[in-house]
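Structural features, examined
For reference, the chains in residue letters:
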Amino acid sequence: MMYKLSLLLRKIKSRKRLQAVTATFAEDRAWIAAHIQRPEPGSEDNLLIIRLDDIGDYVLFRNMLPYYSAMYPHRKLFLLGNVTWKGLFEAVDAIHDITPIWVDKKQYFKDPAYRQALWQRLADLGFTEVIAPSVSRNVLLDDLCVMAAGAVNNTGVGQLYEVPGLLALSRGLYTSLVNIPRNIYEFECNRLAAEIITGKLVDIKKPYLPKLSSGQQPPSIGLFIGANAVSRRWSNEGWKGLAAMLRRQYPAHAILILGGPDDTDSAAAILEGFTGDGQVVSRAGTLALPDTISLIQQLDLLVSNNSMAYHVGMASGIPTVIITSGENPYRFTTFSADLFPDVRVVYPERFKAHWQAYTERQQFKFEPVKADIQGIPAATVMAAAREVFR
């Protein structure tokens, strides 16, 4: 009953959100048409790549940058990026001949003056071409920035909005749409898009992230408790039970609780059962992004919610266990076991039963709720951990 009620409330919110997004898009499109000042055409041939999604999405995209850069050696490349992964870009990707333009998405959505200034800046740069390769574009962000840039040629990945009703809003904005299969691993989406757009073979099979530091952490197991949605967060009790099992199984290893500033209260709750135990400690909310990534790359084992951390772990070759509600499984948690032999995924029971009822990948759809992931037993996660950390 609670599951059906949760889905009903979600559908109501989704309809209201679609109405609000449609109205906002119309207002902002009209503002761009009325107020953006276009420079006179010049001799510069500037190309803009838009990638404004989250940290984990960037980890699955960043290996494509050399291919785009090599395809356009005589053009000046700009990358419109999410400021949350600025530290990662500067640590490992600033070597490419690409000029970043950073966007604070929170400020963009709450401050009209901020986004209007950004739109004008994009127009002033006089782009001749824009590429928007994200597989889940935000019409109020990616698409409005494409519109503001005012390029002659605009290429996007088509028909992959999470809300199909949004497709009509930017119809006609893109001069070229790249259609790739739905429900495939996001790294493969990015690889196929880069291959089609550049017309060159992209011969890389999985994400790779170089080490950010040459340091060496003492024997450690990381538990990344953060996630950007309630339905993606395992329970504090689950984490506490897992930490106790890991502590008994691997007494020589420190257990590190990891997460962002919003995870400090949960970390404190998890640590309540380990008072005086110096081997179980919290680093949640204390590290900048490059430091968090560097620490993950030095772990012996990572256990993570569906968050950026597991993408970092996989791309760094760290034995990784992913705890997920089952949201977008083909896109995020279905990958070749041959490519990732030391990765395991733990799903809720309701998801597994639902998954077995489908035979056609393209039609699969699952709506997770908080109770799904919170019902996963700690013993199930521990069993997965033993498989990859021997």
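Above this text you will find the structure in question.
Below, the structure is looked at part by part. Only a predicted model underlies this, so the values are computations on that prediction, with no experimental measurement involved. (Residues numbered from 1 in each chain as written. Predicted model: local features only at pLDDT ≥ 70, side-chain atom pairs only at ≥ 80, totals over all residues. Heavy atoms only, no water.)

Our next topic: the overall build of the chain. When its secondary structure is counted, the chain shows 16 helices and 12 strands. Taking 21 Å as the expected radius of gyration for a compact globule of 390 residues, we find that the chain reaches 22 Å, a close match to that expectation. Structurally, the chain occupies a C-alpha span of about 70 × 50 × 40 Å along its principal axes. Residue burial in the chain is summarised as follows: out of 390 residues, 51% are buried. Sequence-distant contacts in the chain: of pairs separated by 6 or more residues, those separated by 24 or more amount to 68%. Looking at the chain as shown, the accessible area adds up to about 18000 Å², and 53% of this sits on carbon and sulfur atoms. (Helix = DSSP H or I, 4+ residues; strand = E, 2+ residues; numbered from the N terminus. Rg over C-alpha atoms; globule rule 2.2 N^0.38 Å. Buried < 20%, exposed > 50% of the residue type's maximum accessible area, 1.4 Å probe, protein only. Contact = heavy atoms within 4.5 Å. Areas by Shrake-Rupley, 256 points an atom, 1.4 Å probe, with all protein chains shown as cover.)

We now examine the sheet that holds strand S12 (residues 343-346). The 6 strands are arranged S9-S8-S7-S10-S11-S12 in an open sheet whose pairing can be described as parallel. Across the chains shown, the open sheet's two edge strands, defined by having one partner strand only, are strand S9 (280-282) and S12. Ignoring which end each strand starts from, the neighbouring axes of this sheet average 15° apart. Examined bridge by bridge, strand S11 (residues 320-323) and S12 share 4 bridges and lie parallel to one another. (Pairing = 2+ DSSP bridges. Axes fitted to C-alpha atoms, helices over the stretch in contact; angles between N-to-C directions.)

This paragraph deals with the pattern of salt bridges. Enumeration according to the criterion identifies 19 salt bridges in this entry. For Asp-45, the salt bridge identified is with Arg-75, shortest N-O distance 3.1 Å. You can see Asp-45 sitting in the loop between helix H1 (2-35) and strand S1 (46-51) and its partner Arg-75 sitting in the loop between helix H3 (65-71) and strand S2 (76-82), a full 30 residues away along the chain. The class for Asp-45 is partly exposed, based on a relative accessible area of 33%. (Salt bridge = Lys/Arg side-chain N within 4 Å of Asp/Glu carboxyl O.)

On to the side chain of Asn-190, then. Its location among the elements puts Asn-190 in helix H8 (residues 186-198). Other than its neighbours up to four places away in sequence, Asn-190 contacts Arg-51, Leu-60, Phe-61, Met-64 and Pro-133.

Now for the packing of helix H9 (residues 236-249) against helix H10 (residues 264-271). Two numbers describe how H9 lies on H10: the axes approach to 9 Å, and their chain directions differ by 45°. Between H9 and H10, the angle is such that the two are oblique. Between H9 and H10 lies a crossing whose hand is right-handed. Listed contacts from H10 to Asn-236, Trp-239 and Lys-240 of H9 are Ser-266, Ala-269 and Ile-270. In the contact of H9 with H10, the residues fall into 3 nonpolar, 2 polar and 1 charged. (Parallel < 35°, antiparallel > 145°, perpendicular 65-115°, else oblique. Left-handed = near helix turned anticlockwise from the far one by under 90°. Nonpolar A, V, L, I, M, F, W, Y, C, P; charged D, E, K, R; others polar.)

Attention now moves to the sheet that holds strand S4 (residues 127-132). Read from one edge to the other, the open sheet built from 6 strands follows the order S3-S2-S1-S4-S5-S6, with strand pairing classed as parallel. Two strands close off the open sheet at either side, each with one partner strand: strand S3 (98-103) and strand S6 (176-178). Shown here is a sheet whose adjacent strand axes are inclined to one another by a mean of 20°, direction ignored. Against the sheet, H8 contacts S1, S4, strand S5 (153-157) and S6, and its axis sits at roughly 140° relative to S6.

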